[in-house]
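Here's the letter readout for the chains.
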Amino acid sequence: LCHASHMFGPSGGHSSSLIYGLSSKARCIAPVHAETEKDRFFVGSHGLNEENEIHLIEVDTQAGPGNISCISIFGHPHEIWAISPSHSDASLLFTCYNTGTDYKASLWRTPSSGQGQVQALEHVLELPGHAGAIRNVLWDTHVDDQVISLDENNVHVWQLSNGASEAKPVRTFGGLKNLLVGTLSPNHAHQMATAHEGTIKGWDFRQGTSTYTIEKAHAAVVRDLDFNPNRAYVLASAGDDMAVKYWDIRNTKEPLKVQSNAHHHWVWTVKHNKLHDQLVITSSSDNNVKLWNVPSISSALNSKDTHADEERHTLNKRIAEDMLLKTYEEHADSVYAVVWGASSRWVFASLSYDGCLVINEVPKEYVETLNY
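The sections below set out a description of the structure shown in this document. (Residues numbered from 1 in each chain as written. Predicted model: local features only at pLDDT ≥ 70, side-chain atom pairs only at ≥ 80, totals over all residues. Heavy atoms only, no water.)

### What about the overall build of the chain?
So, point 1. Of regular secondary structure, the chain possesses 2 helices and 29 strands.
So, point 2. A sequence separation of at least 24 residues applies to 48% of the contacts in the chain between residues at least 6 apart.
So, point 3. Only carbon and sulfur atoms are counted for the fraction: they give 45% of the accessible area of the chain, which is about 15,600 Å². (Helix = DSSP H or I, 4+ residues; strand = E, 2+ residues; numbered from the N terminus. Contact = heavy atoms within 4.5 Å. Areas by Shrake-Rupley, 256 points an atom, 1.4 Å probe, with all protein chains shown as cover.)

### Focus: the sheet that holds strand β8 (residues 103-109)
So, point 1. If you walk across this open sheet you meet the 4 strands as β6-β7-β8-β10, and the pairing is antiparallel. Since the sheet does not close on itself, it has two edges, and those belong to β6 (79-85) and β10 (122-126), each with one partner. Each adjacent strand pair in this sheet contributes to an overall mean axis angle of 30°, direction not counted.
So, point 2. Pairing geometry for β8 and β10, over 4 bridges, is antiparallel. (Pairing = 2+ DSSP bridges. Axes fitted to C-alpha atoms, helices over the stretch in contact; angles between N-to-C directions.)

### Notes on the pattern of salt bridges
So, point 1. Tallied over the full model, the rule gives 8 salt bridges.
So, point 2. Here Arg 223 makes a salt bridge to Asp 240, at a shortest N to O gap of 2.7 Å. With Arg 223 in strand β19 (residues 222-227) and Asp 240 in the loop between β20 (234-239) and β21 (244-248), this pair connects stretches of sequence that are 17 residues apart. For the pair formed by Arg 223 and Asp 240, the shared burial category is buried.
So, point 3. Linking Asp 248 and Arg 250 is a salt bridge whose minimum nitrogen-to-oxygen distance equals 2.9 Å.
So, point 4. In this structure Asp 248 comes out as buried when scored by relative accessible area, which is 13%.
So, point 5. The network of salt bridges with shared partners includes Lys 38, Arg 40 and Glu 58. (Salt bridge = Lys/Arg side-chain N within 4 Å of Asp/Glu carboxyl O. Buried < 20%, exposed > 50% of the residue type's maximum accessible area, 1.4 Å probe, protein only.)

### Considering the nonpolar core
So, point 1. Counting residues in hydrophobic clusters, the biggest one holds 17 residues, and the most contacted among them are Ile 29, Phe 41, Val 43, Ile 68, Ala 349, Leu 357 and Ile 359.
So, point 2. For this core, the secondary-structure elements that each account for two or more residues are β1 (18-21), β2 (26-31), β3 (39-45), β4 (52-60), β27 (335-340), β28 (347-352) and β29 (356-361).
So, point 3. Those residues in contact with Ala 349, other than ones at most four positions away along the chain, are Ile 29, Phe 41, Ala 337, Val 338, Val 339, Leu 357, Val 358 and Ile 359.
So, point 4. Membership of the second largest hydrophobic core comes to 16 residues, among which are Cys 96, Ala 105, Leu 127 and Trp 139. (Core = buried A, V, L, I, M, F, W, Y, C linked by side-chain atoms within 4.5 Å.)

### Let's talk about the pairing of β2
So, point 1. Across the 6 residues of β2, 6 count as buried, placing the element largely inside the fold.
So, point 2. By the bridge criterion, 5 bridges tie β2 to β3 in an arrangement that is antiparallel. Its bridge partner lying in β3, Ala 26 is registered against Ser 45.

### Examining the environment of Gln 207
So, point 1. Relative to the helices and strands, Gln 207 is located in the loop between β17 (199-204) and β18 (209-214).
So, point 2. In this structure the C-alpha to C-alpha distance between Gln 207 and His 190, which are 17 residues apart in sequence, comes to 9.0 Å.

### Regarding the state of the cysteines
So, point 1. Evaluated as defined, the whole model comprises 0 disulfides.
So, point 2. Not part of a disulfide, Cys 28 finds its nearest cysteine sulfur in Cys 96, a span of 9.0 Å. (Disulfide = S-S within 2.5 Å.)

Here it is, written out as structure tokens:
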């Protein structure tokens, strides 16, 4: 099923969205990082006792009215909990899935060509030795062919070899209770952060040693973590206390900023824009997606170089203050994920549990202000 609302133009000049509907429940979406010409997203279905699918969605906002289309549909044998595409090979992706009796993490290759309604994925390998639910697999962008998987208790480091056809275990560490989420630092090799219940921990995964701990970072479960891509030590967290917080991991006694009641229910996702890190998107089980402007913790207002100072003075006063830019209300169910596109700096995609995928762009008035 695919339908689109009033489509936006390449500059984000209209406020409308593009909408794509899966015929089944869904909770995971990921940008195809290795595809840089157009924004593409993998979306996985979430049916325990049915055949599942991964839809490859392409979004084009570069010419005329925007367009959303399904490029391919791939069959997947089980309920999908996470999708993690390779950063260097657009045909490779990990999935974490529930077989009904246990959880598994497998690497798949999409076919280079094929006909038919649903194509078969090539199973490349499985990462063994996990306990309980497998949360995600993270591709290390600093070390070639290294991936990190997370289950309910531990972090596992793997080295892929022979064209990613084999996975060698490197080390396992953690010993945590109810580990839920982890993220790798884009700024520092071998550094990552995890969250279990309300606690955030930093790690050096060369040694498997903890580098910092933030006890009671949130008053309830921490659902997501995201490092600022342009400020080396800033980490965002989101939780069931409806708050979003920003931390300097060098001094974790108090957060740099707290957005209390950022949503009206649990906050499932927080993500920085990779180029304009003052732009932050969040999603929640209040069925909403929110676009925030948070220059106070961004590189836009914290850089010390002269060029950045000049840019700072060009910022419109309205955009130079921390504020909610827009609330997106297209969803009718819990929005479990929202991600930025890998190609366009302004496009983001959100996915609700009812299988509704919504594509939006940063509004034109903010694009013009930030487009320096």
